[in-house]
Amino acid sequence: MSGDVLITGASSGIGKQLALDYANAGSTVIACGQSEERLAALSQQNDNIRTLAFDVTDLAATQCAFDALSPLPKLIILNAGTCEYIEHGQIDSALFKRVFDVNLFGLLHCLEAMQDRFDDQTHLTFVGSTASYVPLPRAEAYGASKAALSYLAQTLSIDLAPRGVTVTLVSPGFVKTPLTDKNDFPMPMIVTPEVASEAIRTGIARKEKEVHFPKKFSLILKTISLLPLSIQQSVIRKMTGKAA
Ligand SMILES: NC(=O)c1ccc[n+]([C@@H]2O[C@H](COP(=O)([O-])OP(=O)(O)OC[C@H]3O[C@@H](n4cnc5c(N)ncnc54)[C@H](OP(=O)(O)O)[C@@H]3O)[C@@H](O)[C@H]2O)c1
């Protein structure tokens, strides 16, 4: 199987919109996800979309799926992710493991399965989150997994540069998808998957190191992250209604 763009987490939300937009623009897309049913429905929407169903938490399954790719797509968007919140600061290591297994180790499995075939045309894109910018209540597991992903993207960008491999880190604010439909709190400045896809594709086309959106929201969080931690935490408590 061959394609121009590989997208994990393409059976839903942001990844699905990216798959449709790249396919509508004429690129051949390898859309990955777990749900064969949703992937089949997606491929029926555009002949440019081919599908690969596997679980990114399973290294052997991930390796097997990517071994079917020849050649490796030049653009690889590692977007598969999940979100679970903890309650009242109660640590639940099983929950952390579930979140890290998809958001960090799933992404690492994809990289490990493909890395020997990267060349100087390979462009990697990691979908992180603005949640990694500041400490957000209940997001201990999700935010930590995305902070790890952010560090990984920034470091790999340096280490892979001699091979000509480029890396873009994407940090979305809130996007309306099945992932955020589960949230039970206000989501300021939430955008549609269409807006998210446009921002991501524009950033990738420019080979930007970092793509974050919506700008007003992400820049507010970036600014807060520059403040002393005690002030950051006080501002975040007020913003999220968690004032002591
Ligand atoms: N929505 C937001 O506000 C927001 C904000 C910041 C960052 N993000 C990040 O953006 C990415 C996409 O999120 P989304 O909002 O589009 O979520 P979504 O609609 O829930 O889609 C998540 C995608 O990840 C796939 N996935 C999850 N676990 C997987 C696994 N074990 N193996 C393979 N695929 C797996 C899902 O496939 P199946 O459904 O087939 O299992 C689905 O295609 C995530 O990394 C998320 O953290 C989202």
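In short, a report on the structure. Small disclaimer: the values here were computed from a predicted structure and weren't measured.

Attention now goes to the environment of Q63. Here Q63 is to be found in helix α3 (residues 59-67). Under the relative-accessibility criterion, Q63 is labelled partly exposed at 28%. Sequence separation between Q63 and L20 is 43 residues, and the spatial gap between their C-alpha atoms is 25 Å. Setting aside residues up to four positions removed in sequence, Q63 forms contacts with E112 and A113.

Before going further, it helps to examine empty space enclosed by the protein. Empty space left among the atoms is revealed by rolling a probe the size of a water molecule over them. Applying the stated criterion across every chain, the model contains one cavity of 30 Å³ or more. Size it by volume and the largest cavity reaches roughly 70 Å³. Elements with a minimum of two residues in the lining of the largest cavity: α4 (93-114) and α5 (140-159). Looking at which element gives the most residues to the lining of the largest cavity, the answer is α4, with five residues. Of the residues that constitute the lining of the largest cavity, the class distribution is eight nonpolar, four polar and one charged.

Tallied over the entire structure, the rule returns zero disulfides. Not engaged in a disulfide, the cysteine C32 finds its nearest cysteine sulfur in C110; these two sulfurs lie 7.3 Å apart.

Glancing now at the pattern of salt bridges. On inspection of all chains with the given rule, the structure shows ten salt bridges. For R98, the salt bridge identified is with E84, shortest N-O distance 2.8 Å. With R98 in helix α4 and E84 in the loop between β4 (75-78) and α4, the pair connects residues that are 14 residues apart, well separated along the chain. You can call R98 partly exposed: its relative accessible area is 42%.

Cut-offs used in this document
Residues numbered from 1 in each chain as written. Predicted model: local features only at pLDDT ≥ 70, side-chain atom pairs only at ≥ 80, totals over all residues. Heavy atoms only, no water. Helix = DSSP H or I, 4+ residues; strand = E, 2+ residues; numbered from the N terminus. Buried < 20%, exposed > 50% of the residue type's maximum accessible area, 1.4 Å probe, protein only. Contact = heavy atoms within 4.5 Å. 1 Å grid on protein atoms, 1.4 Å probe; cavity = no way out; pocket = protein on both sides within 12 Å on 5 of 7 lines; lining within 4 Å. Points joined across faces, edges and corners; volume = space filled by probe spheres on them. Nonpolar A, V, L, I, M, F, W, Y, C, P; charged D, E, K, R; others polar. Disulfide = S-S within 2.5 Å. Salt bridge = Lys/Arg side-chain N within 4 Å of Asp/Glu carboxyl O.

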